[in-house]
Amino acid sequence: MDALVPVQSAGQRLPLRLLSPSLHRCIGSVSIRRSVSGFAMDTRISSRSPSQFTIRSQQESLGGVASSSDVRIKEWEVDMYQNELAISQGIRIRRKPPSKAPLGYSGPFELRLLNGQVADSPSNILEEITWYKDHEVSRMKELNPLEALKKAVENAPPTRDFVGALRSAHQRTGFPGLIAEVKKASPSRGILKENFDPVEIAQAYERGGAACLSVLTDQKYFKGGFENLEAIRSAGVKCPLLCKEFVVDPWQIYYARAKGADAVLLIAAILTDLEITYMLKLSKKLGLAALVEVHDEREMGRVLGIEGIELVGINNRSLETFKVDISNTKKLLEGEHGRQIREKDMIVVGESGLFTPDDIAYVQDAGVKAVLVGESIVKQNDPEKGIAGLFGRNISQT
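None of these values were measured; they are calculated from a predicted model.

Draft legend 1. Molecular detail of the overall build of the protein chain. Scanning the protein chain from N- to C-terminus turns up 16 helices and 12 strands. Within the protein chain, residue pairs in contact and separated by at least 24 positions form 75% of the contacts whose partners lie at least 6 positions apart. When the accessible area of the protein chain is evaluated, it comes to approximately 18300 Å², of which 50% is carbon and sulfur surface.

Here's what the structure looks like:
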């Protein structure tokens with residue numbers, strides 16, 4: 001199957017230096033036995049711009065069957081190209097730890113390797129999580145082949161309308177629709193709730209007026225798990241469920257759908273424009289909503305150039321310092337960005353740092369129609385009262 005990777009992203013012409021001569025000559029004729037940065041396409045996304053090239057998975061090279069060393073070298077060059085593509089789009093999070101060139105490599109990246117000083121440890125917590133997730137997903141894929149997941153998805157119950165639930169709650173209450181987060185811990189805060197029962201918490205959130213739920217499925221850093229997602233869905237909770245996971249591979253979208261998700265999270269800080277575009281199409285194909293999260297103005301600009309996005313999350317937490325500033329929401333919704341969001345009728349979700357009715361009022365005045373809140377309500381002994389305290393009044397339907 002062909003994986004088509006355009007060098008030109010939404011509204012941006014990338015410098016031609018990103019395309020190495022040896023990649024240009026050889027990449028269409030070498031058997032690539034894994035996806036490009038996990039980008040395992042099952043449909044073709046293409047266009048005919050002359051500033052594009054095609055990565056083709058084939059069994060034979062021009063001179064015959066490619067050797068294993070040739071394959072390793074070309075795979076490594078593809079990873080190097082992917083890194084430069086990400087950098088060109090302002091992505092600071094490296095998807096994988098830096099790796100040395102394969103033995104015998106001689107090519108266009110050699111000089112940059114010799115001259116560049118690249119840190120071999122994660123620069124922040126999101127990069128650390130992303131590196132670990134890449135290894136974790138590789139292991140999970142071996143245990144859960146894609147074909148088996150596709151069959152599970154075919155037999156899964158229909159998804160619930162995540163976007164519709166947020167719009168309905170906003171219209172009913174006059175407040176932003178609440179995505180209440182089922183979360184035991186976080187890297188910055190540690191354990192949030194010792195006596196953690198995900199089903200009990202989810203049911204309390206629903207009674208308290210939550211429109212949707214966000215369920216942390218990362219085990220290592222957030223003490224979550226897909227078993228929590230499955231248990232909440234099986235318990236009869238009617239709120240649509242967001243799978244709160246660090247998605248680096250389309251396989252994870254199939255897995256989330258098979259485990260009961262109604263929506264997935266896509267983080268612009270770790271995904272290129274093409275990956276977001278493809279994963280949006282895949283999510284829609286599987287009946288899932290996609291919440292695309294941004295942290296700064298550059299990420300917001302990228303996301304607004306991608307067609308098909310309905311939900312944009314603004315995370316008020318800095319990737320570098322982990323400090324929270326809710327004025328980030330207002331800043332990103334001012335001017336041209338705000339105009340485009342209103343024009344496209346997108347739902348903006350305010351995330352992080354929301355603890356009081358004044359906080360909710362502030363981000364609502366800035367333009368959000370939904371909020372994603374975890375810490376301030378999950379730590380409460382009575383989550384229903386926690387929700388009422390957050391909004392300043394009871395927002396349940398009873």
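Draft legend 2. Inspection of the pairing of strand β7 (residues 241-244) at higher detail. Residues Leu 241 and Cys 243 line one face of β7 and the alternating positions Leu 242 and Lys 244 line the opposite face, and both faces are buried. Of the strand pairs in this sheet, strand β6 (residues 212-216) and β7 are connected by four bridges, and their pairing is parallel. Within β7, the residue paired with Leu 213 across the bridge is Leu 241. A crossover links β6 with its parallel partner β7, the connecting element being helix α8 (residues 226-234), and its sense is right-handed. Two elements, β7 and strand β8 (residues 263-267), share two bridges in a ladder whose sense is parallel. Bridge pairing in β8 places Leu 242 opposite Ala 263. Chirality of the crossover, the property in question, places the unit of β7, helix α9 (residues 251-258) and β8 among those that are right-handed.

Draft legend 3. Structural context of the packing of helix α7 (residues 198-208) against α8. The N-to-C vectors of α7 and α8 enclose an angle of 50°; their axes lie 9 Å apart at closest approach. In terms of orientation, α7 lies oblique with respect to α8. Regarding α7 and α8, the two cross each other, and that crossing is right-handed. Across from Pro 198, Val 199 and Ala 202 in α7, the residues of α8 making contact are Asn 228, Ala 231 and Ile 232. Each residue belonging to the contact of α7 with α8 can be placed in one class, and the counts come to five nonpolar, one polar and no charged.

Draft legend 4. Local environment of unusual backbone geometry. Here the phi dihedral of Lys 223 falls at roughly 55°; this positive angle occurs in a residue that is not glycine. Considering the arrangement of structural elements, one finds Lys 223 in the loop between β6 and α8. Classification of Lys 223 by relative accessible area gives partly exposed; the value is 40%. In this structure, Asp 345 takes a positive phi of about 55° despite not being glycine. Tracing the chain through its elements places Asp 345 in the loop between α13 (335-344) and β11 (347-351).

Draft legend 5. Fine view of the sheet that holds β6. Spatially, the eight strands close up into a barrel ordered β3-β6-β7-β8-β9-β10-β11-β12, and their pairing is parallel. Averaged over neighbouring strand pairs, the angle between their axes works out to 25° when direction is ignored. Note that strand β3 (residues 177-182) and strand β12 (residues 370-373) share four bridges and pair parallel. Residue pairing in the sheet places Gly 177 in a bridge with Ala 370 of β12. Of the strands in this sheet, β3 and β6 are in contact with α7, which crosses β3 at around 165°.

Draft legend 6. Representation of the packing of α7 against helix α16 (residues 383-391) within the structure. Where α7 meets α16, the closest approach of the two axes is 8 Å, and the angle between their N-to-C directions is 40°. With respect to α16, the element α7 is oriented oblique. Crossing handedness for the pair α7 and α16: right-handed. In this structure, α7 uses Ala 204, Tyr 205, Arg 207 and Gly 208 to contact α16, whose residues at the interface are Pro 383, Glu 384 and Ile 387. Classifying every residue of the contact of α7 with α16 gives four nonpolar, one polar and two charged.

The rules behind the values
Residues numbered from 1 in each chain as written. Predicted model: local features only at pLDDT ≥ 70, side-chain atom pairs only at ≥ 80, totals over all residues. Heavy atoms only, no water. Helix = DSSP H or I, 4+ residues; strand = E, 2+ residues; numbered from the N terminus. Contact = heavy atoms within 4.5 Å. Areas by Shrake-Rupley, 256 points an atom, 1.4 Å probe, with all protein chains shown as cover. Buried < 20%, exposed > 50% of the residue type's maximum accessible area, 1.4 Å probe, protein only. Pairing = 2+ DSSP bridges. Right-handed = clockwise from strand over helix to strand, strands pointing away. Axes fitted to C-alpha atoms, helices over the stretch in contact; angles between N-to-C directions. Parallel < 35°, antiparallel > 145°, perpendicular 65-115°, else oblique. Left-handed = near helix turned anticlockwise from the far one by under 90°. Nonpolar A, V, L, I, M, F, W, Y, C, P; charged D, E, K, R; others polar.

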